[in-house]
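# Fold and contact review
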There are 2 protein chains.
Amino acid sequence: MKKINIGLLGMGNIGTGTYVLLEKNKDIIQEATGCQVEITKILDRDTTRDRGIYVDPKKFVSDIDDIVLDEDVQVVIELLGGVSPAKDFIYAALHSGKHVVTANKAAVAADMPRLVSEAKANNVKFMFEASVGGGIPVLSAINGPLQANHFEEVLGIVNGTTNYILTKMTDEGLEYADVLKKAQELGFAEADPTGDVEGLDAANKLSILIYLMFGKYVAPSDIPTTGITKVTKEDIKAAKEKGAVIKLLAKADKDTYSVGPELVSLDHPLSSVNNEFNAIYLTGDAVGQVMLYGKGAGPMPTASAVLGDVIQILKGEK
Amino acid sequence: MKKINIGLLGMGNIGTGTYVLLEKNKDIIQEATGCQVEITKILDRDTTRDRGIYVDPKKFVSDIDDIVLDEDVQVVIELLGGVSPAKDFIYAALHSGKHVVTANKAAVAADMPRLVSEAKANNVKFMFEASVGGGIPVLSAINGPLQANHFEEVLGIVNGTTNYILTKMTDEGLEYADVLKKAQELGFAEADPTGDVEGLDAANKLSILIYLMFGKYVAPSDIPTTGITKVTKEDIKAAKEKGAVIKLLAKADKDTYSVGPELVSLDHPLSSVNNEFNAIYLTGDAVGQVMLYGKGAGPMPTASAVLGDVIQILKGEK
């Protein structure tokens, strides 16, 4: 059986989840690809942390060149997060002729057109299904079964932290600050929640959706973005009286785009997307309205999308 | 530019929609595939019916051999509906080395394992995204971005006619027979609604889902199937009192499968899938719950999926 070696950049929660899922569902991956797939090298400084699984310490490297210059590595999975140095590492991998799979919306959104064209120029695949909506198969749908459509609009609940906070504010009549505190205690919000609550994470994802649906690149910083920190329990009560809920929506059509809190009428499918769930509601000229719903984050949903991309790449090589 | 000729089997509503969409969204298809795609031959006895568009009468043929033996035809789109003669025509096309795209759930479900293996043996693609959920990108998701999962369960509202009838019964407190009559007048139900209201259409779709998700073939006739004809307004009232609605669910896990009316709790995402909309709710061991929602029928949503498949095939040939 053909052996495929993967270099993994970043062994935090998502990286660990991906490592675990690759072991757990080895049977499916072999069956689908005809390959024996193994993570043979891991770029991560922390070699001793307890990740709940055994990982051969010899797999850990501290220099990106140990992976991108390794001729035995065919695929690089980038799960470092953040623009830098992740983006440089992705370029290095593409230039070395490796396929790249990433879940990193910040890095993808920062430089999407060039990343896509560099992959083409090097005749390798660059896939990032996990970067928008985590496990929800939205990007593949846009590029695949929905690709005969001219897209008209997208409305997305694409950030789980803010959706969790708004749901709790709605259900329990609490103020933003109180729910945030509770969410941080429960692990649904980070210690520094800025990227989520100010809408920056959603803007990264919207930038990617705009590129794939409308064929133009809008940098995340050029998307008018409002977070949820100023939403009050009075706002939510007023929405309820109008038969609506407040959701942080990432929305775009051919000409306009924005991220911000919006009223969503209770008869709209997005209104019942609650807690940490995400959903993307698309309109195409042929298909009409389509909604894709699921877990937008977390190690296992993200690993599902990452390994879905890896399988797709290897199927294409068969 | 490379020219791709398509043979279309069946020019009813769906076939006409596909013809229209191919013309309308030619730009996207050329851009995505680098090919000029044209329907050059149409198998349909009715050459004179007003379809609302101009079709060159010379395109019509009455013998399947005029298409499957035509060396200039690379792709066959089968939209005849029903098992026979559609299935034989699909085999004839596959044997002649043509890629086949179909929306015909009855034909696919009738003989899925052999159809798939015949396509492989002839080194051509056999695609049928439109056969389940119309425009909803569910089969591509199972075979693509979700393929790293062991699937655990599927719950589907996969028949628009029955969902429309149950929704109206629920919203307006009417009896089945009265709503059916109204649905027939409005074109939401066929003159002979048996295949829909007895659950046979849903069983065909469930057979296809079981094959792709659980890797085993269950003939539609082997799926325990109950329709909605015996659902009364009292049943619906009783469900409401329990905080639920009645939906015709196609459901399966690894070991069990059935089609029938079921209570769906109001806090379940499927409970708000109303009227002619369809939704498929999947559980995978990594991704957790995913729901895909949209229009499960109609010429344009179906054409969206059919041409999505065509583009996918042509991209693979680039």
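Residues numbered from 1 in each chain as written. Chains lettered and ligands numbered in written order. Predicted model: local features only at pLDDT ≥ 70, side-chain atom pairs only at ≥ 80, totals over all residues. Heavy atoms only, no water.

### Topic: the overall build of chain A
The cut-off we apply is this: A helix here means a DSSP run of H or I that spans at least four residues, while a strand means a run of E at least two residues long, and both kinds are numbered starting from the N terminus. With the radius of gyration taken over C-alpha atoms, the globule rule is written as 2.2 Å times the number of residues to the power 0.38. For every residue, the accessible area (1.4 Å probe, protein chains only) is compared with the maximum for its type, and the residue is labelled buried under 20%, exposed over 50%, or partly exposed between those bounds. Whether two residues are in contact is decided by their heavy atoms, any of which lying within 4.5 Å being enough. With residues, only the protein chains shown are counted as cover, and all accessible areas are computed by Shrake-Rupley using a 1.4 Å probe. Positive residues here are Lys and Arg, negative ones are Asp and Glu, while His and the chain termini are left out of the count. Charge placement uses NZ in Lys and CZ in Arg. For Asp and Glu, CG and CD serve respectively.
Looking only at helices and strands, chain A has 13 helices and eleven strands in total. For 318 residues, the compact-globule formula gives about 20 Å, and the C-alpha radius of gyration of chain A, at 20 Å, lands near that figure. Projected onto its principal axes, the C-alpha coordinates of chain A cover approximately 60 × 45 × 35 Å. Buried positions account for 58% of the 318 residues belonging to chain A. Considering only residue pairs separated by 6 or more positions, chain A has 68% of its internal contacts joining residues 24 or more positions apart. Surface accessibility of chain A: about 12,800 Å² in total, with carbon and sulfur atoms responsible for 49%. The average position of the 32 basic charges and that of the 43 acidic charges among the side chains of chain A differ by 2 Å.

### Brief notes about the relation of the copies chain A and chain B
Under the convention used in this document: Least-squares fitting of one copy onto the other uses the C-alpha atoms of those residues that reach a pLDDT of at least 70 in both copies.
Mapping chain A onto chain B leaves a residual RMSD of 0.0 Å; the transformation is a rotation of 180° accompanied by 0.0 Å of translation along its axis. Within this description, the copies of the chain are treated as partners about a two-fold rotation axis. Identified as the residue of chain A closest to the rotation axis by C-alpha distance is Leu292(A), at 2.3 Å. Interface overlap between copies: 100% of the residues of chain A at the interface are likewise at the interface in chain B, consistent with a symmetric, same-surface contact.

### Here we look at the packing of helix α1 (residues 13–24) of chain B against helix α13 (residues 299–317) of chain B
Residues and elements named next belong to chain B. Going by this rule: Orientation is described by lines fitted to C-alpha atoms, with helices fitted over the stretch in contact, and by angles between N-to-C directions that extend from 0 to 180 degrees. By the definition used in this description, the sense in which the near helix is turned from the far one sets the handedness, with an anticlockwise turn below a right angle giving left-handed and a clockwise turn giving right-handed. By the convention adopted, Pro, Cys, Tyr, Trp, Phe, Met, Ile, Leu, Val and Ala count as nonpolar, Lys, Arg, Asp and Glu as charged, and the other residues, Gly among them, as polar.
Contact pair α1 / α13: the axes reach a minimum separation of 8 Å and the direction vectors enclose 65°. Where α1 crosses over α13, the two elements pack in a sense that is right-handed. On α13, the residues touching Asn13, Ile14, Gly17, Thr18, Val20, Leu21 and Leu22 of α1 are Pro299, Met300, Thr302, Ala303, Ser304, Val306 and Leu307. Of the residues in the contact of α1 with α13, the class split is nine nonpolar, five polar and no charged.

### Remarks on unusual backbone geometry
In this chain, Ser84(A) is followed by Pro85(A) through a cis amide linkage whose omega measures 5°. Summarising the element assignment, Pro85(A) is placed in the loop between β4 (73–78) and α4 (86–95). Its identity is not glycine, yet Asn123(A) carries a phi of approximately 60°, on the positive side. By the secondary structure assignment, Asn123(A) is in the loop between α6 (112–121) and β6 (126–127). By relative accessible area, which is 70% here, Asn123(A) ends up exposed. In this structure, Asn275(B) takes a positive phi of about 55° despite not being glycine. With respect to the element layout, Asn275(B) can be found in the loop between β9 (257–265) and β10 (277–284).

### With respect to the interface of chain A and chain B
Basically, it comes down to this: When two components associate, each loses some accessible surface as probed by a 1.4 Å sphere; the sum of these losses over both components is called the buried area. A pair is scored as a salt bridge if a Lys or Arg side-chain nitrogen falls within 4 Å of a carboxyl oxygen belonging to Asp or Glu. Pairs of N or O atoms within 3.5 Å make up the polar contacts considered here, provided that, within protein, one atom can donate a hydrogen while the other can accept it, and that residues adjacent in sequence are counted only when both atoms are side-chain atoms. Should DSSP find at least two bridges between two strands, the strands are regarded as paired.
With 40 residues of chain A at the contact, the number on the chain B side is 40 residues. Buried surface at the junction of chain A and chain B, both sides included, amounts to about 3,200 Å², of which 57% is carbon and sulfur. The tally of links from chain A across to chain B stands at two salt bridges. The salt bridge involving Asp285(A) is made with Lys24(B); its shortest N-O contact spans 2.6 Å. Joining chain A to chain B, the criterion identifies 22 residue pairs in polar contact (both at pLDDT 80 or more). Of all the secondary structure elements, the ones that give two or more residues to the side of chain A that touches chain B are α1 (13–24), α2 (26–33), α7 (138–143), β11 (288–295) and α13 (299–317) of chain A. No other element matches α13(A), which puts nine residues into the side of chain A that touches chain B. Here the side of chain A that touches chain B is built from residues that sort into 20 nonpolar, 14 polar and six charged. As judged from the five bridges shared by β11(A) and strand β11 (residues 288–295) of chain B, these two strands associate in the antiparallel manner.

### Notes on the pattern of salt bridges
Any two side chains of opposite charge can pair, given that their charged atoms come close. Throughout the structure, instances matching the rule amount to 28 salt bridges over all chains. Salt-bridge contacts for Asp111(A) lead to Lys87(A); the nearest nitrogen and oxygen are separated by 3.4 Å. Residue Asp111(A) is found in the loop between α5 (105–110) and α6, and its partner Lys87(A) is found in helix α4; the two are separated by 24 residues along the sequence. Overall, Lys87(A) belongs to the buried group, its relative accessible area being 18%. The partner of Glu38(B) in a salt bridge is Lys59(B), and the shortest N-O contact between them spans 3.3 Å. Taken together, the residues Glu38(B) in strand β2 (residues 35–43) and Lys59(B) in the loop between β2 and β3 (60–61) connect sequence positions 21 residues apart. By relative accessible area, which is 25% here, Glu38(B) ends up partly exposed. Three or more residues are tied together by salt bridges with common partners; here these are Lys3(A), Glu38(A) and Lys59(A).

### A closer look at the sheet that holds strand β6 (residues 126–127) of chain B
Residue and element names in this part refer to chain B. Reading across from one edge, β3-β2-β1-β4-β5-β6 is the order of the six strands in this open sheet, with parallel pairing throughout. If you trace the sheet from one side to the other, it starts and ends with β3 and β6, each paired once. Summarising the sheet, strand β1 (residues 2–9) and β2 pair through eight bridges and their orientation is parallel. Bridging across to β2, Asn5 finds its partner in Glu38. The strands touched by α1 within the sheet are β1, β2 and β4 (73–78), with β2 carrying the most contacts at an inclination of about 155°.

### A word on the nonpolar core
Here is the rule we go by: Within this scheme, the nonpolar core is defined by two criteria: the residues are buried Ala, Val, Leu, Ile, Met, Phe, Trp, Tyr or Cys, and they are joined through side-chain atoms within 4.5 Å.
Membership of the largest hydrophobic core comes to 138 residues, with the highest contact counts inside it found for Ile165(A) and Ile165(B). Beyond its immediate chain neighbours, meaning those up to four positions away, Ile165(A) contacts Tyr176(A), Val179(A), Leu180(A), Ala183(A), Val197(A) and Ile228(A).

### Describing the sheet that holds strand β8 (residues 244–253) of chain A
Taken together, the ten strands give an open sheet; going across it, the order is β9(A)-β8(A)-β7(A)-β10(A)-β11(A)-β11(B)-β10(B)-β7(B)-β8(B)-β9(B), and neighbouring strands pair in antiparallel fashion. Across the chains shown, the open sheet's two edge strands, defined by having one partner strand only, are β9 (257–265) of chain A together with β9 of chain B. Here the average twist between neighbouring strands, direction ignored, is 25°. As judged from the nine bridges shared by β8(A) and β9(A), these two strands associate in the antiparallel manner. Paired with Val245(A) across the bridge in β9(A) is Val264(A). Strands in contact with helix α11 (residues 200–214) of chain B are β7 (151–157), β8 (244–253), β9 and β10 of chain B; relative to β7(B), the strand with the most contacts, it is inclined by about 160°. The sheet strands contacting helix α12 (residues 233–241) of chain B are β8 and β9 of chain B, and the helix crosses β8(B) at an angle near 90°.

### Details of the side chain of Lys98(B)
Residues and elements named next belong to chain B. Inspection of the secondary structure assignment puts Lys98 in the loop between α4 (86–95) and β5 (99–102). Of the side chains with opposite charge, Asp70 lies nearest to the buried Lys98, which makes no salt bridge, at 6.1 Å. At 3.0 Å, the side chain of Lys98 and the backbone oxygen of Val73 are in polar contact. Beyond its immediate chain neighbours, meaning those up to four positions away, Lys98 contacts Ile67, Val68, Asp70, Glu71, Val73, Gln74, Val76, Ala93 and Val124.

Read these as geometric descriptors, not functional statements.
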